[in-house]
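Tertiary structure, described
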Amino acid sequence: MYSAANQIYIFLHDKLAGHGVPESAIIIASYAIPCAIVLGIISGIAGMLTYLERKISADIQNRVGPNRVGPFGLLQFPVDGIKLLLKEDIIPDAVDKKLFKLAPYLVFTSTVLASMVIPFGGSFIVADLNIGLIFIIVVSSLLVVGFLMSGWASNNKWALLGGIRSAAQIISYEIPTALSLLTIILITGTFSMQEIVMAQGPWPWQWFIFHNPFTFITFFIFFISSLAEMNRTPFDFPEAESELVSGYNVEYSGMRFALFFAAEFSSIFITASLATAVFLGGGNIGMHPYESGLGWQLLMVGVFFAKAVPLCLVTIWVRWTLPRLRIDQMMSMCWKYFIPISFVCLVMTAVWMLALGGDGMLWRMAQR
Amino acid sequence: MSKYSTQEMVLNMGPHHPSTHGVLRFILQTDGEMMVKATPDIGFLHRGIEKIAERVPWQAFMPYTDRIDYLASLNCNLGYALAVERLAGISVPEKAEYLRVIGAELTRIGSHFIGAGAMLLDLGAVTPFVHALRERETFNDLIEMLCGARLTHNYVRIGGVSQDLPAGFKEKCLGFVDHLEYEFLDEFNDMISYNTILINRLANVGVISAEEAEDYTLTGPNLRGSGVAFDLRRDDSYSIYDRFDFDVPVGSGKFGVLGDSYDRYWVRIEEIVQSCRVIRQALKQMPESGEVRTKLPKLFTVPAGEIYVRTEAPRGELGYYIISDGGKNPFRVKIRTGSFSAMTIIEHLSQGVMVADLVAIIGSLDVVAPEIDR
């Protein structure tokens, strides 16, 4: 039962402990290395998603999309990144400089932190915390602090409106998200992400989305609330470019601006990963994630991505199809519909568990 | 006054804001998300077109009329040409009349695509806007075949049109009209017009009653959206519009109250269908051959007098009030436009709505900044 971080620890311990390297350094290294790798992968995926977003939106709108830099325009996002990196870092005079500089890092950190407990299949998880799911809910709430901070510090009324909108929105939608995740906790009895994946099976009827009718509903509530939490259309109020110009990030330029966008696009992937791991069986192929061979583990990673990437594409697809709601409509949708429905689902799942002894609906049929 | 009193926030929406449709400024007083009042501040695009008219010969003013409303330049051409022709008693060849109607109705379609599409863009729906622009591209091609220009057409001349229609235009135009009426609009409506989010955003927002619409002198689709069936093409017919059979779509409170933003949007969509009908009839009735322009001297004079001619442009009544002192230049040209009338009601409509609603209201009134300022 070893996650990737533990395996790196054992490897480093074998090699270095005899050469006078302190134990604490090995422990830090064994977590820092996978953290760095995951950070790199998430940034790369976020970049690929910006490319995909532009390409898919181009397809939806009868355009060509990026096609000049590299084959099929694939090098567009590194080039964009380099351009943003080389841009002059403009900090307006009247801003609150400390908060203004801190905000993008806070937003990016809180997004990427959530990826630390996501099981990418096999032993590829940085830290299999026993409070994994709660950890994700907590760190993704940090996002709102960053948005509010950037909105306030920018000394711009449009940015302030955007920041306040995002505070109202993210805090509201945190509740249905958490409630729908709690429904799964009722079934598994654990917060550990790896164990949640292991409690499911390789086949669709063994996934938690089809466990009972209420988890089926909570999956959609979770997905829609996540759209709201990551500020995507139809819930992109904090940046609503036609109302608030660009919202909280209006005064940012260069790499700070890029960090906001890296955070937005990584949160698309992280939400899709979370939905995959919690509702769609993650990388489960019916084998033990830690004890099977490397080949099987890589297959698990493949299965995981085969489920997560389509969810990312759905997110992009929704953005380019729907118009934006109005902020009061969005709030009433959350408080009048999503929270009661997800609460009912939570209670009814508990009843289901009591009545049927914890079995899934399709799972029962398959047994017969 | 308590220690923690709040005050209204004053926001500058524009002159360069994505959803003000040009260089237009609104001074918003808001209480958080709720609007207290929006005061329009116009004049950023004032180019003195009316003054220019006094300095150039009668015919040389025609290209300037393109710039009054660049989204519907042919309609602006037509209004000016009609006014001068009536004042000077110039007759127009039969075929030119048909070409004018075809051009004007095509321009109306193109303009409504931008009007409806830009409003959808303001509501966050980017894709329908691009799809509408794709169809406008065909319209641009057609107009390019007709007169060689894609934006500022300058097609209509005093006494006719600049040139006859080229070979192949008729077929392409019929194909475009059929595609719009039978394919594209169905797809467009399925995609966005009947979208629940859009209906929730537009229905019951910015309601203008019929009395208010008349009091604030709204014209065109904005007036018809409030249920007043008044269309200058039918009720004060000019050119040869009395020969065609078409309906005047009016708002009906389709998803909300009569006269809300959705009604104004829907009137535009239905007008596209009616324009298609007019174009189809015009193409059928149009004589195969004939003069398209009455010969006039390069510098001609118009007998002294004054006239007001109003036409139905896509953004409402486009009126030219022309005074001639018998010279080779107009003595005075006053232009009345629909967008200017629409601006007057925004301050009234904006009270107590949300910032996002203001964007929808401006979009549904379909104002174009150069037409306001001229």
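Residues numbered from 1 in each chain as written. Chains lettered and ligands numbered in written order. Predicted model: local features only at pLDDT ≥ 70, side-chain atom pairs only at ≥ 80, totals over all residues.

Attention now moves to the overall build of chain A. When you go through chain A residue by residue, the secondary structure sums to twelve helices and zero strands. From first element to last, N terminus to C terminus, chain A shows the α and β order α-α-α-α-α-α-α-α-α-α-α-α. Whereas a compact globule of 368 residues would reach a radius of gyration of roughly 21 Å, chain A reaches 21 Å, a difference of no more than 12%. Structurally, chain A occupies a C-alpha span of about 65 × 60 × 40 Å along its principal axes. Relative to its full complement of 368 residues, chain A shows a buried share of 47%. (Helix = DSSP H or I, 4+ residues; strand = E, 2+ residues; numbered from the N terminus. Rg over C-alpha atoms; globule rule 2.2 N^0.38 Å. Buried ≥ 20, exposed ≤ 12 C-beta atoms within 10 Å, placed from the backbone.)

Below, the discussion takes up the overall build of chain B. When helices and strands are counted, chain B shows 14 helices and eight strands. Computed over its C-alpha atoms, the radius of gyration of chain B comes to 21 Å, within 12% of the 21 Å expected for a compact globule of 374 residues. Oriented by its inertia axes, the alpha-carbon framework of chain B measures out at about 75 × 45 × 35 Å. Within chain B, buried positions represent 50% of all 374 residues. Excluding contacts between residues fewer than 6 apart, the proportion of contacts in chain B whose partners are at least 24 apart in sequence is 71%. (Contact = placed C-beta atoms within 7 Å.)

Of the residues lining the interface, 26 residues belong to chain B; the matching set on chain A comes to 22 residues. Of all the elements in the fold, those that place two or more residues in the side of chain B that touches chain A are β1 (9–13), α4 (94–122), α5 (126–147), α7 (196–202) and α13 (355–365) of chain B. The residue makeup of the side of chain B that touches chain A, split by class, is 15 nonpolar, six polar and five charged. (Nonpolar A, V, L, I, M, F, W, Y, C, P; charged D, E, K, R; others polar.)

With that out of the way, let us pick up helix α6 (residues 157–188) of chain A. Over its 32 residues, α6(A) runs 46 Å from end to end, which matches the ideal 46 Å to within 8%, given 1.5 Å per residue. Within two residues after α6(A), A:G189 carries a phi angle of roughly 75°, on the positive side. (Expected span 1.5 Å × (residues − 1).)

This part takes up the environment of B:I143. Residue and element names in this part refer to chain B. Within the secondary structure, I143 sits in helix α5. The class of I143 is buried, set by 21 C-beta atoms lying within 10 Å. Between the C-alpha atom of I143 and that of T107, which follows or precedes it by 36 residues, the distance is 8.4 Å. When residues no more than four places from it in sequence are discounted, the contact partners of I143 are L106, R150 and H153.

Residues and elements named next belong to chain B. Taken in spatial order, the three strands make up an open sheet running β6-β7-β8, and their pairing is antiparallel. Lying at the two open borders of the sheet, with one neighbouring strand each, are β6 (305–313) and β8 (332–336). If you compare each strand with its neighbour and ignore which way they point, the axes differ by 15° on average. Where β6 lies against strand β7 (residues 316–324), nine bridges are found, and the strand directions are antiparallel. In the sheet register, E306 faces β7, and the bridge partner there is I323. Along the sheet, helix α3 (residues 73–88) makes contact with β6 and β7, crossing β6 at roughly 150°. (Pairing = 2+ DSSP bridges. Axes fitted to C-alpha atoms, helices over the stretch in contact; angles between N-to-C directions.)

This paragraph deals with unusual backbone geometry. One non-glycine residue, A:F72, lies in positive phi territory at about 55°. Of note, A:F72 is situated in the loop between α2 (23–60) and α3 (76–86). When the 13 C-beta atoms within 10 Å are taken as the criterion, A:F72 is described as partly exposed. A positive phi angle, near 50°, is found at B:T217, a position not held by glycine. Residue position: B:T217 is located in the loop between α8 (210–215) and α9 (220–225).

Below, the discussion takes up the packing of α4(B) against α5(B). All names here are of chain B. Relative orientation of the contacting elements α4 and α5 amounts to 160°, with a least axis distance of 9 Å. Put simply, α4 runs roughly antiparallel to α5. Our pair here, α4 against α5, has a crossing hand that is left-handed. From α4, G103, L106, I109, G110, F113, I114, A116, G117, A118, L120 and L121 reach across to α5, where they touch V126, P128, F129, A132, L133, E135, R136, F139, L142, I143 and L146. (Parallel < 35°, antiparallel > 145°, perpendicular 65-115°, else oblique. Left-handed = near helix turned anticlockwise from the far one by under 90°.)

The end-to-end C-alpha separation of helix α5 (residues 132–153) of chain A is 32 Å, in line with the 32 Å expected for 22 residues at 1.5 Å each. Backbone geometry just after α5(A) places A:N155 at a positive phi near 55°.

A few words now on the sheet that holds strand β2 (residues 25–31) of chain B. All names here are of chain B. Taking strand neighbours across the sheet as the criterion, the three strands line up as β1-β2-β3 in an open arrangement whose pairing is antiparallel. Since the sheet does not close on itself, it has two edges, and those belong to β1 and β3 (34–41), each with one partner. Ignoring which end each strand starts from, the neighbouring axes of this sheet average 20° apart. The pairing of β2 with β3 spans seven bridges and is classified as antiparallel. Each residue of the ladder has a partner; that of Q29, found in β3, is K37.

With that settled, consider the confidence of the model for chain B. The predicted coordinates ought not to be read in detail in places where the model reports low pLDDT. Predicted confidence across chain B gives a mean pLDDT of 86, with 99% of residues reaching 70 or more. The complex model carries a pTM of 0.84, and its ipTM stands at 0.77. (pLDDT = per-residue confidence, 0-100.)

Let us now look at the packing of helix α9 (residues 254–279) of chain A against helix α10 (residues 294–319) of chain A. Residues and elements named next belong to chain A. At a minimum axis separation of 8 Å, α9 and α10 run at an interaxial angle of 125°. The angle between the axes of α9 and α10 places the two elements in the oblique class. Handedness of the crossing formed by α9 with α10: right-handed. Contacts between α9 and α10 involve I268, F269, A272, S273, A275 and T276 from the former and F304, K307, A308, L311, C312 and T315 from the latter. Residue composition of the contact of α9 with α10, grouped by class: eight nonpolar, three polar and one charged.

What follows is about the environment of A:T218. All names here are of chain A. Relative to the helices and strands, T218 resides in helix α8 (residues 213–229). When the C-alpha positions of T218 and L179 are compared, they lie 8.5 Å apart, and in sequence the two are 39 residues distant. Those residues in contact with T218 that lie beyond four places of it in its chain are S180, T183, S342 and C345.

What follows concerns the environment of B:E306. Residues and elements named next belong to chain B. Checked against the element boundaries, E306 lands in strand β6. Residues E306 and G110 lie 196 residues apart in sequence; the distance between their C-alpha atoms is 32 Å. Not counting residues within four places of it along the chain, the set of residues in contact with E306 comprises I322 and I323.

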